[in-house]
Amino acid sequence: PNDWNLEIRPNVVQCDVSNYEELKAQLFDKYDNIKGIVHCAGVLKDGIIETLTKKDFETVYKPKVMGAHNLDKLSNSLDFFVMCSSMASGFGSPGQANYSAANSELDALSIERFNEGLPYVSIRWGPWIGGGMAMDETLQRSARQGILGLEANQGVDTVLSIMHNIKEPVYTVCPLNRKKLPEGSKYFEKLYIKPKNDIVETKNTYTKEEIVSIIYE
C-alpha cells in the first residue's frame, strides 16, 4: 500500500525447502524472529495420468507439499502463513493430476491449521499474466472457458488484503468472464462480484466451499 513507510532489508537465502534439516539450518536457526511466511514454491511435471510416474509426483510434491509441511513444523507464533495453491486444486487441470493433488494438500493443511485458530490461508490462484507458471496457450485456453489471466498488481493487492484479514482457510482468486463460464457448474454457483477498479477488499462471509472471485463484466 502507498501509505506504508517501511525500511525493508531483504536477505536472500538459498536452500531446499523440502529438506527439513537444511531448511532449519539455513533459515530458522539463523533468523529467530520469523513472523510470517508466504510459501510460493512449485514446479510442474505435466502429463496424462496414464504416463505419470512416481518420480513425476515426487518432483511436484517435494517443493510444494514437503516444503509446506517443513515450514509448518519449524514455525511458531506467526502473524500469517500464506500458501500459494492453484485453482487446479478445485477445478482440475488437463495433464496436471500431480499438480492438482499437490495443491489440494496445501488446502487441507490450511483448513486443519485454520480450524486450530492459526492464521493460515491457502490461495487457489488462477493463471497469472507475464510472470506466472501458465504458458501462453494455457492462458488462451482458459480465456475461452471464461477464466482470465491475473495481472501481477491485482494479485499482489489481493494477497495483501487477504493476509491482513484472514477470514477463511481457502480462497480462489481469478478474474472471470461470466458469459463464457461452463453452464451448470457447481463451482460457479456463488460468485463474488467486484468492480474492475476495486480489487483490494475481500468479503468476509464466505465458507470454505464458496469462491472468492474478481469478475470483469
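Bear in mind that the values here come from a model prediction, so they are computed numbers and not experimental data.

Thresholds, definitions, all that
Residues numbered from 1 in each chain as written. Predicted model: local features only at pLDDT ≥ 70, side-chain atom pairs only at ≥ 80, totals over all residues. Heavy atoms only, no water. Helix = DSSP H or I, 4+ residues; strand = E, 2+ residues; numbered from the N terminus. Buried < 20%, exposed > 50% of the residue type's maximum accessible area, 1.4 Å probe, protein only. Contact = heavy atoms within 4.5 Å. Areas by Shrake-Rupley, 256 points an atom, 1.4 Å probe, with all protein chains shown as cover. Expected span 1.5 Å × (residues − 1). Salt bridge = Lys/Arg side-chain N within 4 Å of Asp/Glu carboxyl O. pLDDT = per-residue confidence, 0-100. Pairing = 2+ DSSP bridges. Axes fitted to C-alpha atoms, helices over the stretch in contact; angles between N-to-C directions. Phe/Tyr/Trp six-rings, centres within 6.5 Å; stacked < 30°, edge-to-face > 60°. Right-handed = clockwise from strand over helix to strand, strands pointing away.

What to know about the overall build of the chain
The number of helices and strands found in the chain is six helices and six strands. Starting at the N terminus, the α and β elements of the chain follow one another as α-β-α-β-α-α-β-α-α-β-β-β. Looking at the chain as a whole, 40% of its 217 residues are labelled buried. Taking as baseline every contact in the chain between residues at least 6 positions apart, the subset at least 24 positions apart corresponds to 69%. Accessible surface for the chain amounts to roughly 12600 Å². Of this, 49% is attributable to carbon and sulfur atoms.

Some remarks on unusual backbone geometry
Phi at Ser77 is positive, roughly 55°, even though this residue is not glycine. Considering the arrangement of structural elements, one finds Ser77 in the loop between helix 2 (54–74) and strand 2 (80–86).

Notes on helix 6 (residues 152–163)
The terminal C-alpha atoms of helix 6, which comprises 12 residues, lie 16 Å apart, in line with the 16 Å expected from a rise of 1.5 Å per residue. Those residues of helix 6 that fall on the buried side of the exposure criterion are Gln154, Gly155, Thr158, Val159, Ser161, Ile162 and Met163.

Some words on the pattern of salt bridges
Pairs can form between side chains of opposite charge whenever their charged atoms are close. According to the stated counting rule, one finds five salt bridges in the structure shown. For the salt bridge of Lys24 with Asp29, the shortest nitrogen-to-oxygen distance reads 3.1 Å. By relative accessible area, which is 48% here, Asp29 ends up partly exposed. Residue Glu116 pairs with Arg113 through a salt bridge whose shortest N-O separation is 3.4 Å. Put simply, Asp72, Glu112, Arg113 and Glu116 are held in one network by salt bridges that share partners.

Digging into the confidence of the model for the chain
Overall, the prediction assigns the chain a mean pLDDT of 78, with 72% of residues at 70 or greater. When pLDDT is averaged over each helix and strand of the chain, the minimum, 38, is found for strand 6 (residues 214–215) and the maximum, 96, for helix 1 (residues 20–28). Counted against residues more than four places away or in other chains, residues 195–217, with its pLDDT under 50, gives 63 contacts.

Some words on the sheet that holds strand 4 (residues 170–173)
Strand pairing in a sheet relies on backbone hydrogen bonds. The paired strands run either parallel or antiparallel. Overall, parallel pairing links the four strands, which are arranged 1-2-3-4 in an open sheet. The strands lining the two open edges of the sheet, one partner per strand, are strand 1 (36–39) and strand 4. On average, each strand axis in the sheet is tilted by 20° relative to the strand beside it, whichever way the strands run. Helix 2 rests against strand 1, strand 2 and strand 3 (120–125) of the sheet, and its axis sits at about 170° to strand 1.

Quick look at the packing of aromatic side chains
With the rule as written, the count across this model stands at three aromatic pairs. Considering the side-chain rings of Phe57 and Tyr61, the 6.4 Å spacing of their centres and the 50° angle between planes classify their relative orientation as tilted. With a gap of four residues between them, Phe57 and Tyr61 both fall in helix 2, about one helical turn apart. In this structure Phe57 comes out as partly exposed when scored by relative accessible area, which is 27%. A ring pair is formed by Trp125 and Trp128, whose centres lie 5.1 Å apart and whose planes are at 75°; its orientation type is edge-to-face. What makes Trp128 partly exposed here is its relative accessible area of 22%.

Considerations on the environment of Gly126
Residue position: Gly126 is located in the loop between strand 3 and helix 5 (136–144). On a C-alpha basis, the gap between Gly126 and Val173 in space is 6.1 Å, while along the polypeptide they are 47 residues apart. Every residue in contact with Gly126, bar those within four places of it in the chain, is listed here: Met87, Val173 and Cys174.

So, the pairing of strand 1
With burial as the criterion, only one face of strand 1 is covered, namely that bearing Ile37 and His39; the residues Gly36 and Val38 on the opposite face remain uncovered. With four bridges joining them, strand 1 and strand 2 adopt parallel strand pairing. Bridging across to strand 2, Gly36 finds its partner in Phe80. Read from strand 1 through helix 2 to strand 2, the crossover connection turns out right-handed.

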